[in-house]
Amino acid sequence: MIRESAIESDTEVVVFLRVPDPQYAQFMAMGCPVCEESLPPTYMPDGDRRNWRRTEESTSIRSRILVVGGDPGMWLQAMEGPFRIGPVRKAEPVMHLVHDTGLPVENMIDVIQPRNEQ
């Protein structure tokens, strides 16, 4: 389902948020690329163990970012913010597509999910 959503939306990176379940996010961020080779790169802010992924997502500006996870209140607030965000899936796992942020992924996450909410 995540792979299909990523392909259909022409996603450049799939970001797994630690909320609501940090173990799920870590498992999916690490496991999806192994099981689904056609999936775009994956990343988990504040916990990805792959140094090369942290480096890439702290410097790369992406146009289409599929974000998996997060809580409803965070998304309502994020949709009022500076980025164009569209819901992709409302049931678990919740997914949103963030468009043209002009920021590296790591900085975009800081805007939509302030540090005290992670």
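Further up the page is the structure itself.
Presented here is an overview of the structure given in this document. (Residues numbered from 1 in each chain as written. Predicted model: local features only at pLDDT ≥ 70, side-chain atom pairs only at ≥ 80, totals over all residues. Heavy atoms only, no water.)

**Some thoughts on unusual backbone geometry**
Thinking step 1. In this model, Val19 is joined to Pro20 through a cis peptide bond whose omega is 10°.
Thinking step 2. Look at the link from Glu92 to Pro93: it is a cis peptide, with omega at -5°.
Thinking step 3. In this fold, Pro93 is placed in the loop between β4 (84–89) and β5 (95–99).
Thinking step 4. We note that Asp10 has phi near 55°; this positive angle belongs to a residue other than glycine.
Thinking step 5. With respect to the helices and strands, the residue Asp10 is situated in the loop between α1 (2–8) and β1 (13–16).
Thinking step 6. Judged by relative accessible area, Asp10 falls into the exposed class, the value being 56%.
Thinking step 7. The residue Asp46 is not glycine, and still its phi comes out positive at about 55°.
Thinking step 8. With a relative accessible area of 34%, Asp46 lands in the partly exposed category. (Helix = DSSP H or I, 4+ residues; strand = E, 2+ residues; numbered from the N terminus. Buried < 20%, exposed > 50% of the residue type's maximum accessible area, 1.4 Å probe, protein only.)

**Some details on the side chain of His96**
Thinking step 1. As for its placement among the helices and strands, His96 is situated in strand β5.
Thinking step 2. Look at His96 and you get buried, because its relative accessible area is 6%.
Thinking step 3. Ignoring anything within four residues of it in the chain, the contact list for His96 reads Ile65, Leu66, Val67, Trp75, Met79, Ile85, Gly86, Pro87 and Val88. (Contact = heavy atoms within 4.5 Å.)

**Considering the nonpolar core**
Thinking step 1. In terms of nonpolar packing, the biggest core is built from 17 residues, with Trp75 and Met108 touching the most fellow members.
Thinking step 2. At the level of secondary structure, the elements contributing two or more residues to this core comprise β1, β3 (64–68), α4 (72–79) and α5 (105–112).
Thinking step 3. If you tally residues by element for this core, the top one is α5, at four residues.
Thinking step 4. When sequence neighbours within four positions are dropped, the list of residues in contact with Trp75 reads Leu17, Val67, Gly69, Gly70, Ile85, Val94, His96, Val98 and Ile112.
Thinking step 5. In this structure, Phe16, Ala29, Leu39 and Leu66 belong to the second largest nonpolar core, which totals 13 residues. (Core = buried A, V, L, I, M, F, W, Y, C linked by side-chain atoms within 4.5 Å.)

**Brief notes about α5**
Thinking step 1. What α5 keeps buried is the set Val105, Glu106, Met108, Ile109 and Ile112. Down the axis of α5, the buried set is contained in an arc of 160°. They therefore lie on one face. (Arc of directions from axis to C-beta.)

**Describing helix α2 (residues 22–35)**
Thinking step 1. Helix length check: α2, at 14 residues, gives a terminal C-alpha distance of 20 Å against a target of 20 Å (1.5 Å per residue), a fit within 8%.
Thinking step 2. Along α2, the sharpest change in direction is near 30° and occurs at Ala29; proline Pro33 comes one to four residues later.
Thinking step 3. Of all the positions in α2, only Ala25, Met28, Ala29, Gly31 and Cys32 are classed as buried.
Thinking step 4. As for α2, its buried residues are in contact with α1, β1 and β2 (42–43).
Thinking step 5. With a side-chain oxygen lying 3.1 Å from the backbone nitrogen of Gln23, the N-terminal cap of α2 falls on Asp21. (Expected span 1.5 Å × (residues − 1). Bend = angle between axes of the 7 residues up to and from the residue. Polar contact = N/O pair within 3.5 Å; in protein donor to acceptor, adjacent residues only side chain to side chain.)

**Description of the state of the cysteines**
Thinking step 1. By the definition in use, this model includes zero disulfides.
Thinking step 2. Counting only cysteine sulfurs, Cys35 is the nearest neighbor of Cys32, a cysteine outside any disulfide, at a range of 7.1 Å.
Thinking step 3. Looking at Cys32, the relative accessible area reads 10%, which means it is buried.
Thinking step 4. For Cys35, a relative accessible area of 65% gives the class exposed. (Disulfide = S-S within 2.5 Å.)

All quantities given are derived from atomic positions and should not be read as evidence of function.
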